[in-house]
Amino acid sequence: MTIQLLSIQNIDQLYEKAFSILKEQQNTGAKNFGLATGGTMIPLYKYIRNSALDFSHCNSVNLDEYVGLPKSHPQSYFSFMRKHLFNTKPFGITYLPNGETANPEEEAKRYETTLKSLEIDLQLLGVGENGHIGFNEPGTSFTSETHVVTLTNSTRKANARFFHTIDDVPRKAITMGIASIMRAKQILLIAVGAKKRPAIQALLHGEITEMIPVTVLKKHGNVIVLTDLGFKNTNHDD
Ligand code: GLP
């Protein structure tokens with residue numbers, strides 16, 4: 001039940017560290033990378049784009065996708081990943097839930113079957129202000145696999161900054177479940193900015209509860225938390 005906390009207040013250094021963890025994983029043979037979207041990942045993907053790393057022999061697996069946005073919409077996670085990473089650094093095979101599907105439940109099942117055929121070596125994670133991981137909102141079962149979610153108002157509000165108005169933010173998404181995420185061999189969670197403090201406080205010092213999904217990571221055993229929030233650098237054992 002160990003979480004390795006890396007507290008780095010300088011943002012450039014923080015992302016440099018994230019990049020070096022990823023690079024190290026690749027150097028030691030990691031093949032399948034679990035990728036995340038969200039503002040937190042943008043500087044890391046920039047680091048990768050500007051590096052000499054080659055992922056063409058690796059595969060990428062994304063956490064989630066909005067339901068009902070065309071792939072070509074600039075805020076679909078399909079477009080996000082192309083813009084921030086894949087156009088410059090193509091992966092061998094790129095897996096993302098298909099948000100354009102007419103049958104999201106079926107698509108969630110199909111995605112979970114794909115996930116089970118892979119072993120994710122390193123899963124990148126951001127965290128929502130309410131503690132969500134992927135799009136697993138508070139109250140999601142820790143045994144959940146890939147499923148369709150109705151986004152909470154707080155998540156839609158938080159993501160509204162990427163859209164013209166909040167009404168443009170999709171109401172549903174397909175997300176890897178908590179159990180799907182927990183199968184990754186290693187998890188790197190990045191949390192930057194004061195809005196993430198309550199979630200990280202709960203992860204480091206609170207009870208494990210489905211009401212704050214990120215707290216499940218205490219059960220994993222191989223998690224690095226990289227944050228600028230000034231928590232003390234330490235290994236947290238429960
Ligand atoms: C989004 C994504 C998550 C992401 C989180 C935080 O809704 N589904 O995967 O980690 O919210 O986003 P940001 O990094 O923009 O704060």
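Residues numbered from 1 in each chain as written. Predicted model: local features only at pLDDT ≥ 70, side-chain atom pairs only at ≥ 80, totals over all residues. Heavy atoms only, no water.

J.: Please explain the environment of D168 as it appears in this structure.
T.: Note that D168 resides in the loop between α5 (153-159) and β8 (172-175). Separated by 99 residues in the primary sequence, D168 and L69 have C-alpha atoms spaced 9.6 Å apart. (Helix = DSSP H or I, 4+ residues; strand = E, 2+ residues; numbered from the N terminus.)

J.: When you look at helix α3 (residues 77-86) in this model, what are you seeing that I'm missing?
T.: Note that an α-helix has 3.6 residues per turn; residues three or four places apart therefore point the same way. Judged by how many residues are buried, α3 sits mostly within the fold: 7 of 10 residues are covered. Here α3 has its buried residues at Y77, S79, F80, M81, H84, L85 and F86. On its buried face, α3 is in contact with β2 (32-35), α2 (42-49), β3 (59-62), β4 (64-66), β5 (93-95) and α5. (Buried < 20%, exposed > 50% of the residue type's maximum accessible area, 1.4 Å probe, protein only. Contact = heavy atoms within 4.5 Å.)

J.: Teacher, can you tell me more about the packing of helix α1 (residues 11-27) against α2 here?
T.: Axes are the key here: two packed helices are described by the angle between their axes and the distance separating the axes. As a packed pair, α1 and α2 sit with axes 9 Å apart at the nearest point and diverge in direction by 60°. In terms of orientation, α1 and α2 fall into the oblique class. Note that α1 runs across α2; the crossing there is right-handed. Here α1 contributes D12, Y15, E16, A18, F19 and L22 to the contact with α2, which in turn contributes P43, L44, Y47 and I48. By residue class, the composition of the contact of α1 with α2 is 8 nonpolar, no polar and 2 charged. (Axes fitted to C-alpha atoms, helices over the stretch in contact; angles between N-to-C directions. Parallel < 35°, antiparallel > 145°, perpendicular 65-115°, else oblique. Left-handed = near helix turned anticlockwise from the far one by under 90°. Nonpolar A, V, L, I, M, F, W, Y, C, P; charged D, E, K, R; others polar.)

J.: How should the nonpolar core be read in this particular structure?
T.: Nonpolar side chains in soluble globular proteins tend to end up buried together. If you look at the biggest cluster of nonpolar residues, it comprises 72 residues, and the most contacted ones within it are L44 and L217. No other element matches the 6 residues that α1 contributes to this core. Those residues in contact with L44, other than ones at most four positions away along the chain, are Y15, A18, F19, L22, L124 and I190. (Core = buried A, V, L, I, M, F, W, Y, C linked by side-chain atoms within 4.5 Å.)

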